[in-house]
Amino acid sequence: MPPTAGTDGTRVFLQLGRQPEEPNQFNHPDAPTSYAPDVRARLEVDAKEIIGRYPQSRSAILPLLHLVQSQDSYITPAGLAFISELLGMTPADVAGVASFYSMYRRTPTGKHLVGVCTNTLCAVMGGDAIYRELKEHLGVEDDQTTEDGSVTLQHIECNAACDYAPVVMVNWEFFDNQTPESARDLVDKLRADAEVRPTRGMPLCSFAATERILAGFPDERADDGQGGAGAATLAGLEVARERGMTAPEPGGTSGGGK
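Rules used throughout
Residues numbered from 1 in each chain as written. Predicted model: local features only at pLDDT ≥ 70, side-chain atom pairs only at ≥ 80, totals over all residues. Heavy atoms only, no water. Salt bridge = Lys/Arg side-chain N within 4 Å of Asp/Glu carboxyl O. Helix = DSSP H or I, 4+ residues; strand = E, 2+ residues; numbered from the N terminus. Buried < 20%, exposed > 50% of the residue type's maximum accessible area, 1.4 Å probe, protein only. Pairing = 2+ DSSP bridges. Phe/Tyr/Trp six-rings, centres within 6.5 Å; stacked < 30°, edge-to-face > 60°. Lys NZ or Arg CZ within 6 Å of the ring centre and 35° of its normal. Contact = heavy atoms within 4.5 Å. Patch = residues over 30% accessible without salt bridge, like charges linked within 9 Å, V, L, I, M, F, W, Y side chains within 5 Å. Areas by Shrake-Rupley, 256 points an atom, 1.4 Å probe, with all protein chains shown as cover.

Q: Can you help me understand the pattern of salt bridges in this one?
A: A side chain with one charge may pair with a side chain of the opposite charge, provided their charged atoms come close. The full count for this structure, using the stated rule, is twelve salt bridges. A salt bridge links R191 to D148, with the shortest nitrogen-to-oxygen separation between them at 3.2 Å. A residue pair is termed long-range when its members are at least 10 positions apart, and R191 in helix α6 (residues 180–191) and D148 in the loop between β4 (144–145) and β5 (151–156) qualify at 43 residues. R191 gets classed as partly exposed once you look at its relative accessible area, which sits at 33%. With relative accessibility at 47%, the residue D148 sits in the partly exposed group. Linking E238 and R241 is a salt bridge whose minimum nitrogen-to-oxygen distance equals 3.3 Å. Of the two residues, E238 and R241 are both situated in helix α8 (residues 231–242); the distance of three residues between them amounts to about one turn of the helix. Put simply, R40, E44 and E85 are held in one network by salt bridges that share partners.

Q: Whenever I open this one, the sheet that holds β4 confuses me. Can you help?
A: Sheet strands line up and pair through hydrogen bonds in the backbone, either parallel or antiparallel. Read across the open sheet, the five strands follow the order β4-β5-β3-β6-β7; overall the sheet is mixed. The two strands at the open ends of the sheet, each matched to only one other strand, are β4 and β7 (173–175).

Q: Explain the packing of aromatic side chains to me, please; I cannot follow it from the model alone.
A: Geometry of an aromatic ring pair is reported as the spacing of the ring centres plus the angle between the planes. Across all of its chains, the model carries four aromatic pairs by this definition. Residues Y101 and Y104 carry aromatic rings whose centres are separated by 6.1 Å and whose planes lie at 90° to one another, so their mutual orientation is edge-to-face. Its relative accessible area of 35% is what places Y101 among the partly exposed residues. By relative accessible area, which is 3% here, Y104 ends up buried. Centroid distance W172 to F207: 6.4 Å. Interplanar angle 55°. Geometry classified as tilted. Of this pair, W172 sits in the loop between β6 (168–170) and β7 while F207 sits in helix α7 (residues 207–214), and the two are 35 residues apart along the sequence. F207 gets classed as buried once you look at its relative accessible area, which sits at 1%. Taken together, F100, Y101 and Y104 form an aromatic cluster joined through their ring pairs. The ring of F217 has R53 sitting right over it, with the charged end atom 5.2 Å from the ring centre. One cation-aromatic arrangement involves R200 over F174; the distance from NZ or CZ to the ring centre is 4.4 Å.

Q: Help me understand the environment of E157 in this model?
A: The residue E157 is located in the loop between β5 and β6 in this model. It is 9.2 Å that separates the C-alpha atoms of E157 and S102, two residues lying 55 residues apart in sequence. If sequence neighbours within four positions are ignored, E157 has contacts with C117 and N119.

Q: Looking at this model, I keep getting lost on the pairing of strand β3 (residues 112–117). Mind explaining?
A: Every other side chain in a regular strand lies on the same face of the sheet, so the side chains alternate between the two faces. With six of six residues buried, β3 is to be regarded as a mostly interior element. Relative to β5, β3 runs parallel, the two sharing six bridges. Note that in β5 the partner of H112 across the bridge is V151. Of the strand pairs in this sheet, β3 and β6 are connected by three bridges, and their pairing is antiparallel. The residue of β6 that forms the bridge with V114 is V170.

Q: Looking at this structure, I do not really get the pairing of β5. What am I missing?
A: Of all six residues making up β5, five are buried, and the element is well covered by its neighbours. For β4 and β5, the ladder comprises two bridges, and the chain directions are antiparallel. Within β5, the position partnered with T145 by the bridge is T152. Connecting β4 to the antiparallel partner β5 that follows it, the hairpin turn spans five residues, and G149 within it adopts a positive phi of roughly 75°.

Q: What is the right way to read a nonpolar patch on the surface from this model?
A: The grouping of L62, F100 and Y101 at the surface amounts to a nonpolar patch, some 310 Å² of accessible area in total. With respect to the secondary-structure elements, F100 resides in the loop between α4 (91–98) and β3. Classification of F100 by relative accessible area gives exposed; the value is 66%.

Keep in mind these numbers describe shape, not what the thing actually does.
Given below as C-alpha cells:
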C-alpha cells in the first residue's frame with residue numbers, strides 16, 4: 001500500500017490490487033523454466049558456435065532466440081534464462097529484445113506455422129476470407145494449434161509481398177495468390193505430411209527446422225534455383241527497360257528517364 005498525500009497534507013494509503021498479467025508476454029503456463037542437462041549441453045554447443053561469429057557476444061541475441069525457439073517452438077523462461085546466462089544479460093533484457101519482433105513466438109507452435117496476411121491489400125484481395133475459412137476448417141481461433149499439433153494458425157501483418165496478394169506464409173515461406181480453396185488444400189496437405197512446395201523457393205521444412213536455419217545453421221535442402229523475385233515483382237523493372245528509363249546519376253538533379 002504505497003502512501004500518498006491528501007489535499008490537506010494527511011497521509012492516505014491506497015490499497016492496490018494484484019498487478020495484471022501483461023498479454024502476449026513470455027509467460028505461458030506450461031512453459032519450461034529450465035533445460036534438462038542433456039538439452040542444455042546440446043544447446044550450449046550450438047550457442048557457442050553462434051556467439052563466436054560476432055565480435056561482441058550480445059550481437060548474437062537474435063540468432064540465439066531462433067535457436068531456443070527451434071527447441072521449444074516458442075520463447076520460454078528456460079530459453080530466456082539460457083541466453084541471458086551466456087550473454088551476461090538479464091532475462092528481462094533478452095525478453096525486451098524478443099518482444100520487439102513478431103517472429104519470436106509467445107505460445108507453443110505446431111509443426112507448421114500458417115500465417116494469413118490480413119493487412120489492407122491482402123485483406124481486400126481475399127485475405128480476410130481465407131483467414132475465416134481456415135479458422136472454420138481447422139476449428140481453431142487466432143494463434144491456436146490444431147489438436148494433432150500439425151498446424152498453428154495466425155493472422156499476420158504485411159510480409160512485403162503485396163504484388164502476390166493474398167499471401168499465406170508457412171514457416172515464413174511464401175504461398176502466393178491464394179484463395180480460400182487453395183489455402184484449405186494447403187493445410188490439409190500439411191496435416192497429412194504430404195510434400196508441400198512454396199510458390200517461391202525450396203520444399204517446405206518444419207517450423208523447428210526453419211528456426212534452426214534462421215539461427216544460422218546450414219540448410220540441408222538442395223537449392224534448385226527457384227528462389228528469387230517473380231514476374232510480378234519485376235514488372236516495373238521490365239517496363240522501365242522497355243521505355244529506356246534509367247536511374248539518375250549519383251549527385252545529379254535529374255529525375256531520370258527519357
